[in-house]
Amino acid sequence: MAPPPLFQPGKELPLLWEDRHFVVINKPAGLAAHPGPKVQDSVESRLVPQKRGGPWLVHRLDADTAGCLLIARRKSALVAAQKAFATHETIKRYWALVEGHPTRQQGTLTTLLRRVSSIRQGWKMVSDPMPETVHPSQTDQGRLARTSWRVLASDGTSSLLELTLHTGRTHQARVHCAALGTPIIGDGLYGSRHDAGRMRLLARSLEVPVRLVSPPETDRTVPQIASSCRIKATAGDVELERFLQAHAIPARP
């Protein structure tokens, strides 16, 4: 039997990967993941509620970030996927079109991220250097954030970076690009406030290993059945792909 519709009629979003437990959508830039006091249209509000609950968003993307977003159809799938995120078993890669060029072709940035607020600017995340001794995940000064990056393409004025996020902190990709001296084009919060265009940040690919444990639906006396799968999805962006083709950095031998 076919699964029930995932989205409200006329509110469908592109699918990148799916099975009976999960769906990965290609979230467009400008669409929020969750509704809010000033936000009515969102990925979550477009979903069709199911009799057993859900569907559920496993994680979130900023409204201005496009790309891979994982949705769980069932509660057991949600729990399994969230465990993979919590234990850092996922592989999350982003593409970011940034201003300028980093001083090196690749590297890893590890900092503490903390939230600051002001009446004038609202809230934002601030990146601080790592102290000599720090708790593995959290301190009073902020939460550890680690991003690996490499330059995929550059025209001298702007560069396309591939970011691998080893942690999942709020605004991590945006803050770390700014910390490299190469803010994301279109990011008015951490880059140029005069750049009002679309933020050029794409959740390019997502890999999530999940182990599902559930009893058969027809006979609860039968022992639990375990199954494993690896979710793999890749999102595209025509503008970023054209930039890559035109200005790709030759691979080192």
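Residues numbered from 1 in each chain as written. Predicted model: local features only at pLDDT ≥ 70, side-chain atom pairs only at ≥ 80, totals over all residues. Heavy atoms only, no water.

Enquirer: Explain unusual backbone geometry to me, and be specific about the residues and the numbers.
Expert: If a residue is not glycine, its phi is most likely negative; likewise, a peptide bond is most likely trans. For the bond running from Gly54 to Pro55, omega is 0 degrees, close enough to zero to count as cis. Checked against the element boundaries, Pro55 lands in the loop between helix H1 (43-46) and strand E3 (56-57). Phi at His88 is positive, roughly 60 degrees, even though this residue is not glycine. Within the secondary structure, His88 is located in the loop between helix H2 (75-86) and strand E5 (91-99). Residue classification places His88 among the partly exposed positions, given a relative accessible area of 47%. Notably, His171 is not glycine yet its phi reads approximately 60 degrees, a positive angle. By secondary structure assignment, the location of His171 is in the loop between strand E10 (158-165) and helix H3 (172-179). (Helix = DSSP H or I, 4+ residues; strand = E, 2+ residues; numbered from the N terminus. Buried < 20%, exposed > 50% of the residue type's maximum accessible area, 1.4 Å probe, protein only.)

Enquirer: Could you give an account of empty space enclosed by the protein, naming the residues involved and the relevant values?
Expert: Counted by the stated rule, this structure contains one cavity of 30 Å³ or more. Within this model, the largest cavity holds a volume of roughly 50 Å³. If you trace the largest cavity, you find it lined by His59, Leu61, Cys68, Lys92, Arg93, Tyr94, Ala203, Ser205 and Leu206. Sorting the residues of the lining of the largest cavity by element identifies E5 and strand E11 (201-214) as the ones contributing at least two each. (1 Å grid on protein atoms, 1.4 Å probe; cavity = no way out; pocket = protein on both sides within 12 Å on 5 of 7 lines; lining within 4 Å. Points joined across faces, edges and corners; volume = space filled by probe spheres on them.)

Enquirer: I'd love a proper account of the packing of aromatic side chains, names of residues and values included.
Expert: If you walk through the whole model with that rule in mind, you get zero aromatic pairs. The side chain of Arg115 reaches across the aromatic face of Trp123, ending 4.0 Å from its centre. Stacked on the ring of Trp95, the Lys or Arg Arg204 has its end atom at 4.0 Å from the ring centre. (Phe/Tyr/Trp six-rings, centres within 6.5 Å; stacked < 30°, edge-to-face > 60°. Lys NZ or Arg CZ within 6 Å of the ring centre and 35° of its normal.)

Enquirer: Please set out the side chain of His59 residue by residue, giving values where relevant.
Expert: When you line up the elements, His59 lands in the loop between E3 and strand E4 (66-72). Among the polar contacts made by the side chain of His59, one reaches the main-chain amide nitrogen of Leu70 at a distance of 2.9 Å. Contacts of His59, omitting those with residues within four sequence positions, involve Cys68, Leu69, Leu70, Phe85 and Leu206. (Polar contact = N/O pair within 3.5 Å; in protein donor to acceptor, adjacent residues only side chain to side chain. Contact = heavy atoms within 4.5 Å.)

Enquirer: I'd like a rundown of the pattern of salt bridges, residues and numbers included.
Expert: Under the counting rule described, the total for this entry stands at twelve salt bridges. A salt bridge links Glu18 to Arg73; the nearest nitrogen and oxygen atoms lie 3.3 Å apart. With a gap of 55 residues between them, Glu18 in strand E1 (residues 15-18) and Arg73 in the loop between E4 and H2 connect regions that are remote in the sequence. For Arg150, the salt bridge goes to Glu162, with nearest N and O atoms at 2.8 Å. With Arg150 in strand E9 (residues 142-154) and Glu162 in strand E10, this pair connects stretches of sequence that are twelve residues apart. Of the residues examined, Arg150 reaches a relative accessible area of 38% and is grouped as partly exposed. Of the residues examined, Glu162 reaches a relative accessible area of 15% and is grouped as buried. (Salt bridge = Lys/Arg side-chain N within 4 Å of Asp/Glu carboxyl O.)

Honestly, that's just the spatial picture; any functional story needs more than this.
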